[in-house]
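Structural overview for review
Chain residues, written in single-letter form:
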Amino acid sequence: MKIAVLPGDGIGPEVTREAVLVLEALDLPRLTLFEGDVGGIAYKRHGHPLPFETLTMTREADAVLFGAVGEPAYDELERSLRPEQAILGLRRELGLFANLRPARVFEGLEDLSPLKPELARSIDVLIVRELTGDVYFGDKGVRETDAGEREGWDMMSYSAPEIRRIAEVAFRAAARRSLTSVDKANVLETSQVWRDTVIEVAGGHPDVPLDHLYVDNAAMQLIADPAQFDVILTGNLFGDILSDLASAAVGSIGLLPSASLGERQTTHGTFGMYEPIHGSAPDIAGQGKANPMATILSAAMMLRHSFAREEDAARIEAAVAKALADGVRGADLGGEHGTRAIGAAVRERL
Ligand code: IPM
Ligand code: MG
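Keep in mind it's a predicted model, so treat the numbers as computed, not measured.

Another aspect to go through is the environment of A308. In this fold, A308 is placed in the loop between α10 (293-307) and α11 (310-325). On the accessibility criterion, A308 (53% relative accessible area) is exposed. Leaving out residues up to four positions away in the same chain, A308 has contacts with H268 and L303.

Bringing the sheet that holds strand β1 (residues 2-8) into the picture now. The strand order β2-β1-β3-β12-β11-β4-β5-β10-β8-β9 describes an open sheet built from 10 strands, whose pairing is mixed. Edge positions in the open sheet fall to β2 (32-35) and β9 (210-214), since each of these has one partner strand only. Geometrically, the sheet is characterised by an average inter-axis angle of 20° between neighbouring strands, direction not taken into account. Of the strand pairs in this sheet, strand β11 (residues 257-265) and strand β12 (residues 270-276) are connected by 6 bridges, and their pairing is antiparallel.

One way to put it is that α10 packs onto α11 with a least axis distance of 7 Å and a crossing angle of 160°. As far as their axial angle goes, α11 and α10 are roughly antiparallel. In this structure, the crossing between α10 and α11 has a hand that is left-handed. Contact residues: α10 offers M293, I296, L297, A300, L303 and R304, while α11 offers E310, D312, A313, A314, I316, E317, V320, A323 and L324. Among the residues forming the contact of α10 with α11, the class breakdown is 11 nonpolar, no polar and 4 charged.

Quick look at the site of ligand 1 now. In the vicinity of ligand 1, the residues found are E84, R91, R101, R129, Y136 and D240. Taking R91, its side chain carries an N or O atom lying 2.7 Å from an oxygen atom of ligand 1. The separation between an oxygen atom of ligand 1 and a polar side-chain atom of Y136 is 2.4 Å. Notes on ligand 1: free accessible area 320 Å², of which the protein chains cover 70%.

The rules behind these values
- Residues numbered from 1 in each chain as written.
- Chains lettered and ligands numbered in written order.
- Predicted model: local features only at pLDDT ≥ 70, side-chain atom pairs only at ≥ 80, totals over all residues.
- Heavy atoms only, no water.
- Helix = DSSP H or I, 4+ residues; strand = E, 2+ residues; numbered from the N terminus.
- Buried < 20%, exposed > 50% of the residue type's maximum accessible area, 1.4 Å probe, protein only.
- Contact = heavy atoms within 4.5 Å.
- Pairing = 2+ DSSP bridges.
- Axes fitted to C-alpha atoms, helices over the stretch in contact; angles between N-to-C directions.
- Parallel < 35°, antiparallel > 145°, perpendicular 65-115°, else oblique.
- Left-handed = near helix turned anticlockwise from the far one by under 90°.
- Nonpolar A, V, L, I, M, F, W, Y, C, P; charged D, E, K, R; others polar.
- Near = heavy atom within 4 Å.
- Polar contact = N/O pair within 3.5 Å; in protein donor to acceptor, adjacent residues only side chain to side chain.
- Areas by Shrake-Rupley, 256 points an atom, 1.4 Å probe, with all protein chains shown as cover.

So this is what it looks like as structure tokens:
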């Protein structure tokens, strides 16, 4: 099991450390970990947020465990050298087109949600976000208008094959649950092709109920009636926005994991990159306060998708749930447990 660990910036190193300790506590067969620089720290050490050696290391691994990137000190750099480019570069270079972002409320944590507890309790949604296309990766630039003013432009597009492959992932993830495809087909041609293609793919999955929502309505429904959603399929930009919205609805961004899967098959599963969705949180970096649970849960997703170790994945998830039920709470959940204490509490309960 070859895993490239990329701790990155801010709280990334603290939280990935705990996730690695959890993996090591599981007695996995032939676990081999490599560590590489990514993000602001990589820029500082190598002059680029995604150094060639790091990219090579990820290509040789079966899976990547990623902490976080982002460092305010580097926000003024030209765009291609900013820490965020590391993550966009990894997605593009590794072909990680399928982003899975589950959001649900752990029992007993309903009060953390800004929604009424009965609404919060009903949230159990998987957002399947396309990750290597859309306006994120289209041509873009800044030009001058006839009046001599600056004008920014970004090209949005989706081809049918791009839509088909992410739709297949979403239909398979939905199994027998329902699938909601989110677009803006009332305004965008890109979305019309999206919708038509999703309907075409649905023909091969007659057991999955499918409906379609416009993205503005989907945002509203996620707050007003989250229980209606099982799996949401959407494009890169809408998925970025809706997944933050879902995480806010859950009320505990420090608990949400993610998987970004590619097409490459490894010995046991699908190559993927796994990361917490919370980001680098520079304001609390290095203080031992960050909640490592999202990264630990990302490691569980890694065992499931890249190594076909469902039992170990479930063990980790149960240990996290048990720790939470026992009152283990990081500062993000209004508690006093630090990063290491939370990691230890999860390991004790494996
Ligand atoms: C995310 C993040 C990234 C994105 C940024 C850091 C480029 O917001 O993973 O959701 O927009 O995809
Ligand atoms: Mg985002």
